[in-house]
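Inside the fold
The primary structure of each chain is shown beneath.
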Amino acid sequence: MATAVMTPRKTKVQSDRIFFPLMCLLILVTVWLGFSKTYYAAGMVTAHLPAPIIHVHAAAMTLWLLTLTVQTSLVSVRRVKLHMVTGLWGFALAASMIPIGTLAAINALRRDMSPPGSGLTPLTFFVVPVTALLAFALLAGWSYAVRRKPDQHKRLILLATVPLLDAAVGRFPETLGIASTPMSQLLILCMFPAALIAYDLISRRRIQRVTWMGTLVLLVIWLTRIPLAQTAPWQALAKLVHG
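Residues numbered from 1 in each chain as written. Predicted model: local features only at pLDDT ≥ 70, side-chain atom pairs only at ≥ 80, totals over all residues. Heavy atoms only, no water.

Another point: empty space enclosed by the protein. Using the criterion set out here, one finds one cavity of 30 Å³ or more in the structure. Its boundaries defined by the atoms lining it, the largest cavity holds a volume of some 40 Å³. Surrounding the largest cavity, Ala105, Ala108, Leu109, Met113, Pro122, Phe125, Phe126 and Pro129 form its lining. When residues of the lining of the largest cavity are traced back to their parent elements, those giving at least two are helix H3 (80–110) and helix H4 (122–125). Element by element, the count of residues in the lining of the largest cavity is highest for H3, at three residues. Residue composition of the lining of the largest cavity, by class: eight nonpolar, no polar and no charged. (1 Å grid on protein atoms, 1.4 Å probe; cavity = no way out; pocket = protein on both sides within 12 Å on 5 of 7 lines; lining within 4 Å. Points joined across faces, edges and corners; volume = space filled by probe spheres on them. Helix = DSSP H or I, 4+ residues; strand = E, 2+ residues; numbered from the N terminus. Nonpolar A, V, L, I, M, F, W, Y, C, P; charged D, E, K, R; others polar.)

Between side chains of opposite charge, a pair can form when the charged atoms approach closely. Taken as a whole and judged by the stated rule, the model has six salt bridges. Between Arg204 and Asp151 there is a salt bridge whose closest N-O contact spans 3.1 Å. With a gap of 53 residues between them, Arg204 in helix H9 (residues 182–204) and Asp151 in helix H6 (residues 150–161) connect regions that are remote in the sequence. Considered together, Arg204 and Asp151 belong to a single accessibility category, that of buried residues. The partner of Arg155 in a salt bridge is Asp200, and the shortest N-O contact between them spans 2.8 Å. Taken together, the residues Arg155 in helix H6 and Asp200 in helix H9 connect sequence positions 45 residues apart. As far as the burial class goes, Arg155 and Asp200 line up, both buried. (Salt bridge = Lys/Arg side-chain N within 4 Å of Asp/Glu carboxyl O. Buried < 20%, exposed > 50% of the residue type's maximum accessible area, 1.4 Å probe, protein only.)

A separate point is H3. Each α-helix turn comprises 3.6 residues. Residues three or four places apart therefore point the same way. If you check H3, its first and last C-alpha atoms are 44 Å apart, about what 31 residues at 1.5 Å a residue would give, namely 45 Å. Largest kink in H3: about 30°, centred on Thr86. In the segment just after H3, Asp112 is the residue with positive phi, at about 55°. (Expected span 1.5 Å × (residues − 1). Bend = angle between axes of the 7 residues up to and from the residue.)

With that settled, the discussion passes to the layout of surface pockets. Estimates place the volume of the second largest pocket at around 820 Å³. In terms of lining residues, the second largest pocket is bounded by 30 residues, among which Val75, His83, Pro150, His153 and Lys154 are the most central. Elements with a minimum of two residues in the lining of the second largest pocket: helix H1 (2–40), helix H2 (52–76), H3 and H6. Residues of the lining of the second largest pocket, tallied by class, amount to 15 nonpolar, eight polar and seven charged.

This next bit is on the packing of aromatic side chains. The full count for this structure, using the stated rule, is eight aromatic pairs. Both rings, one in Trp64 and one in Phe136, keep their centres 5.3 Å apart while their planes meet at 90°; by these two values the pair is edge-to-face. Placement of the pair is Trp64 in helix H2 and Phe136 in helix H5 (residues 127–145), with a sequence separation of 72 residues. For the pair Trp64 and Phe136, a shared accessibility class is recorded, and that class is buried. The interplanar angle of 35° and the centroid separation of 5.8 Å between the aromatic rings of Phe126 and Trp234 together place this pair among those described as tilted. In this pair, Phe126 is assigned in the loop between H4 and H5 and Trp234 in helix H11 (residues 232–242), connecting sequence segments 108 residues apart. Accessibility expressed as a relative area gives 8% for Phe126, which makes it buried. Judged by relative accessible area, Trp234 falls into the buried class, the value being 10%. Ring pairing ties together the aromatic residues Phe19, Phe20 and Tyr199, which thus form one cluster. When the ring centre of Tyr144 is taken as reference, the NZ or CZ atom of Arg147 above it lies at 4.0 Å. (Phe/Tyr/Trp six-rings, centres within 6.5 Å; stacked < 30°, edge-to-face > 60°. Lys NZ or Arg CZ within 6 Å of the ring centre and 35° of its normal.)

With that out of the way, let us pick up the environment of Phe20. As for its position among the elements, Phe20 is in helix H1. Measuring from C-alpha to C-alpha, the distance between Phe20 and Thr72 comes to 6.8 Å, with 52 residues separating the pair along the chain. Discounting chain neighbours no more than four positions away, the residues touching Phe20 are Thr72, Lys154, Arg155, Leu158, Leu196 and Tyr199. (Contact = heavy atoms within 4.5 Å.)

Purely geometric numbers; function is a separate question.
Rendered as C-alpha coordinates:
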(Lines give C-alpha, C1' and ligand atoms only; values in the text may rest on other atoms or scores of the structure.)
Protein backbone atom coordinates (compact mmCIF):
# COMPACT_ATOMS: atom_id res chain seq x y z
CA MET A 1 0.00 0.00 0.00
CA ALA A 2 2.83 2.41 0.88
CA THR A 3 4.45 1.79 -2.49
CA ALA A 4 1.20 2.51 -4.31
CA VAL A 5 0.89 5.84 -2.48
CA MET A 6 4.48 7.01 -3.06
CA THR A 7 4.93 5.95 -6.68
CA PRO A 8 2.94 8.82 -8.33
CA ARG A 9 4.85 11.43 -6.33
CA LYS A 10 8.17 9.79 -7.15
CA THR A 11 7.28 9.72 -10.84
CA LYS A 12 6.45 13.44 -10.78
CA VAL A 13 9.78 14.28 -9.13
CA GLN A 14 11.70 12.17 -11.64
CA SER A 15 9.96 13.83 -14.59
CA ASP A 16 10.70 17.27 -13.10
CA ARG A 17 14.40 16.40 -13.12
CA ILE A 18 14.17 15.95 -16.87
CA PHE A 19 11.71 18.66 -17.90
CA PHE A 20 13.17 21.69 -16.11
CA PRO A 21 16.80 21.12 -17.24
CA LEU A 22 15.48 20.71 -20.79
CA MET A 23 13.66 24.04 -20.50
CA CYS A 24 16.87 25.66 -19.27
CA LEU A 25 18.69 24.22 -22.27
CA LEU A 26 16.01 25.63 -24.59
CA ILE A 27 16.39 29.04 -22.94
CA LEU A 28 20.18 28.92 -23.40
CA VAL A 29 19.80 27.98 -27.06
CA THR A 30 17.32 30.82 -27.58
CA VAL A 31 19.70 33.38 -26.07
CA TRP A 32 22.66 32.00 -28.02
CA LEU A 33 20.74 32.23 -31.30
CA GLY A 34 19.76 35.81 -30.50
CA PHE A 35 23.12 37.14 -29.35
CA SER A 36 25.71 34.79 -30.86
CA LYS A 37 26.89 37.19 -33.55
CA THR A 38 26.79 40.42 -31.59
CA TYR A 39 27.96 39.23 -28.18
CA TYR A 40 28.98 35.64 -27.43
CA ALA A 41 30.83 34.80 -30.65
CA ALA A 42 32.11 38.38 -30.74
CA GLY A 43 34.19 37.80 -27.62
CA MET A 44 31.75 39.06 -24.95
CA VAL A 45 34.01 41.56 -23.17
CA THR A 46 35.56 42.55 -26.50
CA ALA A 47 32.23 42.72 -28.33
CA HIS A 48 31.45 46.12 -29.86
CA LEU A 49 28.48 47.13 -27.76
CA PRO A 50 27.16 50.71 -27.83
CA ALA A 51 27.77 51.62 -24.18
CA PRO A 52 29.46 50.32 -20.99
CA ILE A 53 26.10 49.80 -19.29
CA ILE A 54 25.12 47.41 -22.09
CA HIS A 55 28.24 45.35 -21.30
CA VAL A 56 27.24 45.26 -17.62
CA HIS A 57 23.67 44.34 -18.54
CA ALA A 58 24.83 41.55 -20.88
CA ALA A 59 27.16 40.15 -18.22
CA ALA A 60 24.39 40.20 -15.58
CA MET A 61 21.96 38.47 -17.91
CA THR A 62 24.53 35.81 -18.78
CA LEU A 63 25.25 35.22 -15.10
CA TRP A 64 21.52 34.84 -14.47
CA LEU A 65 21.16 32.21 -17.19
CA LEU A 66 24.19 30.31 -15.89
CA THR A 67 22.86 30.52 -12.33
CA LEU A 68 19.46 29.25 -13.44
CA THR A 69 21.10 26.32 -15.22
CA VAL A 70 23.35 25.45 -12.28
CA GLN A 71 20.49 25.70 -9.79
CA THR A 72 18.26 23.48 -11.90
CA SER A 73 21.06 20.97 -12.33
CA LEU A 74 21.74 20.84 -8.59
CA VAL A 75 18.13 19.85 -7.95
CA SER A 76 18.28 17.25 -10.71
CA VAL A 77 21.30 15.58 -9.07
CA ARG A 78 19.68 15.85 -5.62
CA ARG A 79 22.05 18.49 -4.22
CA VAL A 80 19.16 20.41 -2.69
CA LYS A 81 21.08 21.89 0.27
CA LEU A 82 23.71 23.35 -2.04
CA HIS A 83 20.90 24.61 -4.26
CA MET A 84 19.40 26.47 -1.29
CA VAL A 85 22.73 28.04 -0.33
CA THR A 86 23.56 29.22 -3.83
CA GLY A 87 19.98 30.38 -4.21
CA LEU A 88 20.82 33.38 -2.02
CA TRP A 89 23.35 34.45 -4.65
CA GLY A 90 20.74 33.93 -7.35
CA PHE A 91 18.18 36.20 -5.74
CA ALA A 92 20.83 38.86 -5.00
CA LEU A 93 21.71 38.74 -8.69
CA ALA A 94 18.03 38.96 -9.63
CA ALA A 95 17.63 42.07 -7.46
CA SER A 96 20.66 43.71 -9.08
CA MET A 97 19.34 43.04 -12.56
CA ILE A 98 16.41 45.44 -12.06
CA PRO A 99 18.46 48.67 -11.76
CA ILE A 100 21.03 47.42 -14.29
CA GLY A 101 18.31 46.57 -16.80
CA THR A 102 16.57 49.91 -16.19
CA LEU A 103 19.78 51.84 -16.88
CA ALA A 104 20.35 49.78 -20.03
CA ALA A 105 16.79 50.51 -21.21
CA ILE A 106 17.26 54.24 -20.60
CA ASN A 107 20.54 54.16 -22.49
CA ALA A 108 18.82 52.46 -25.44
CA LEU A 109 16.03 55.05 -25.38
CA ARG A 110 18.51 57.94 -25.43
CA ARG A 111 20.21 56.31 -28.43
CA ASP A 112 16.79 56.26 -30.13
CA MET A 113 16.91 52.47 -30.33
CA SER A 114 13.98 50.59 -31.86
CA PRO A 115 14.34 47.23 -33.67
CA PRO A 116 14.15 47.47 -37.47
CA GLY A 117 10.80 46.28 -38.74
CA SER A 118 9.05 46.70 -35.39
CA GLY A 119 7.13 49.74 -36.58
CA LEU A 120 7.58 51.29 -33.14
CA THR A 121 9.13 54.64 -32.32
CA PRO A 122 11.91 54.63 -29.69
CA LEU A 123 9.51 56.30 -27.23
CA THR A 124 6.97 53.51 -27.74
CA PHE A 125 9.52 50.69 -27.80
CA PHE A 126 10.83 51.82 -24.40
CA VAL A 127 7.85 50.03 -22.88
CA VAL A 128 9.18 46.64 -23.98
CA PRO A 129 12.31 46.45 -21.77
CA VAL A 130 10.54 48.26 -18.93
CA THR A 131 7.65 45.79 -18.81
CA ALA A 132 10.03 42.85 -19.26
CA LEU A 133 11.81 43.97 -16.09
CA LEU A 134 8.47 44.46 -14.35
CA ALA A 135 7.34 40.93 -15.21
CA PHE A 136 10.70 39.52 -14.13
CA ALA A 137 10.58 41.39 -10.81
CA LEU A 138 7.01 40.27 -10.05
CA LEU A 139 7.55 36.60 -10.84
CA ALA A 140 11.05 36.34 -9.36
CA GLY A 141 9.82 38.04 -6.18
CA TRP A 142 6.89 35.65 -6.00
CA SER A 143 9.28 32.75 -6.55
CA TYR A 144 11.39 33.93 -3.61
CA ALA A 145 8.29 34.17 -1.41
CA VAL A 146 7.44 30.49 -2.09
CA ARG A 147 11.04 29.19 -2.09
CA ARG A 148 10.05 26.58 0.53
CA LYS A 149 7.51 25.14 -1.90
CA PRO A 150 9.61 23.55 -4.68
CA ASP A 151 6.78 22.85 -7.13
CA GLN A 152 5.73 26.50 -7.12
CA HIS A 153 9.22 27.97 -6.83
CA LYS A 154 10.71 26.31 -9.91
CA ARG A 155 7.71 27.11 -12.11
CA LEU A 156 7.75 30.76 -11.15
CA ILE A 157 11.50 31.19 -11.63
CA LEU A 158 11.18 29.62 -15.08
CA LEU A 159 8.30 31.93 -16.00
CA ALA A 160 10.24 34.92 -14.61
CA THR A 161 13.06 34.24 -17.06
CA VAL A 162 10.79 34.12 -20.13
CA PRO A 163 10.26 37.91 -20.51
CA LEU A 164 14.03 38.37 -20.45
CA LEU A 165 14.17 36.43 -23.73
CA ASP A 166 12.38 39.24 -25.56
CA ALA A 167 15.61 40.87 -26.72
CA ALA A 168 17.11 37.58 -27.94
CA VAL A 169 14.00 36.63 -29.93
CA GLY A 170 13.86 40.15 -31.35
CA ARG A 171 17.31 39.62 -32.90
CA PHE A 172 16.42 36.43 -34.75
CA PRO A 173 16.05 38.31 -38.07
CA GLU A 174 19.62 39.59 -37.74
CA THR A 175 21.27 36.41 -36.46
CA LEU A 176 19.19 33.75 -38.23
CA GLY A 177 18.24 35.73 -41.30
CA ILE A 178 14.54 35.00 -40.93
CA ALA A 179 11.67 37.42 -41.28
CA SER A 180 9.99 38.33 -38.02
CA THR A 181 7.10 40.46 -36.79
CA PRO A 182 6.10 41.54 -33.27
CA MET A 183 3.31 38.94 -33.36
CA SER A 184 5.63 36.09 -34.38
CA GLN A 185 8.06 37.11 -31.62
CA LEU A 186 5.22 37.03 -29.12
CA LEU A 187 4.21 33.56 -30.30
CA ILE A 188 7.78 32.32 -29.79
CA LEU A 189 7.79 33.66 -26.23
CA CYS A 190 4.41 32.07 -25.57
CA MET A 191 5.87 28.66 -26.42
CA PHE A 192 7.69 28.60 -23.07
CA PRO A 193 4.66 29.00 -20.75
CA ALA A 194 2.68 26.80 -23.17
CA ALA A 195 5.27 24.04 -22.70
CA LEU A 196 4.95 24.37 -18.92
CA ILE A 197 1.17 24.18 -19.14
CA ALA A 198 1.40 21.07 -21.31
CA TYR A 199 3.87 19.50 -18.89
CA ASP A 200 1.54 20.17 -15.95
CA LEU A 201 -1.36 18.55 -17.77
CA ILE A 202 0.70 15.50 -18.72
CA SER A 203 2.48 15.00 -15.40
CA ARG A 204 -0.14 16.30 -12.91
CA ARG A 205 -3.38 15.99 -14.88
CA ARG A 206 -4.04 19.62 -14.00
CA ILE A 207 -2.44 23.05 -14.44
CA GLN A 208 -0.64 24.19 -11.31
CA ARG A 209 -2.08 27.40 -9.85
CA VAL A 210 1.21 29.28 -10.14
CA THR A 211 1.58 28.11 -13.74
CA TRP A 212 -1.67 29.60 -14.97
CA MET A 213 -1.42 32.68 -12.76
CA GLY A 214 2.16 33.37 -13.84
CA THR A 215 1.22 32.82 -17.47
CA LEU A 216 -1.72 35.18 -17.06
CA VAL A 217 0.60 37.87 -15.68
CA LEU A 218 2.83 37.52 -18.74
CA LEU A 219 -0.06 37.59 -21.20
CA VAL A 220 -1.62 40.67 -19.63
CA ILE A 221 1.70 42.51 -19.78
CA TRP A 222 2.52 41.39 -23.32
CA LEU A 223 -0.92 42.22 -24.74
CA THR A 224 -1.33 45.61 -23.05
CA ARG A 225 2.16 47.11 -23.19
CA ILE A 226 2.07 48.49 -26.76
CA PRO A 227 -1.41 50.06 -26.41
CA LEU A 228 -0.21 51.52 -23.10
CA ALA A 229 2.95 52.90 -24.71
CA GLN A 230 0.90 54.68 -27.36
CA THR A 231 -1.00 56.73 -24.79
CA ALA A 232 -0.17 60.37 -24.14
CA PRO A 233 0.97 59.80 -20.51
CA TRP A 234 3.49 57.13 -21.54
CA GLN A 235 4.79 59.20 -24.42
CA ALA A 236 5.25 62.13 -22.05
CA LEU A 237 7.09 59.94 -19.53
CA ALA A 238 9.32 58.47 -22.22
CA LYS A 239 10.15 61.95 -23.55
CA LEU A 240 11.04 63.05 -20.02
CA VAL A 241 13.37 60.05 -19.57
CA HIS A 242 14.84 60.59 -23.03
CA GLY A 243 15.77 64.14 -22.17
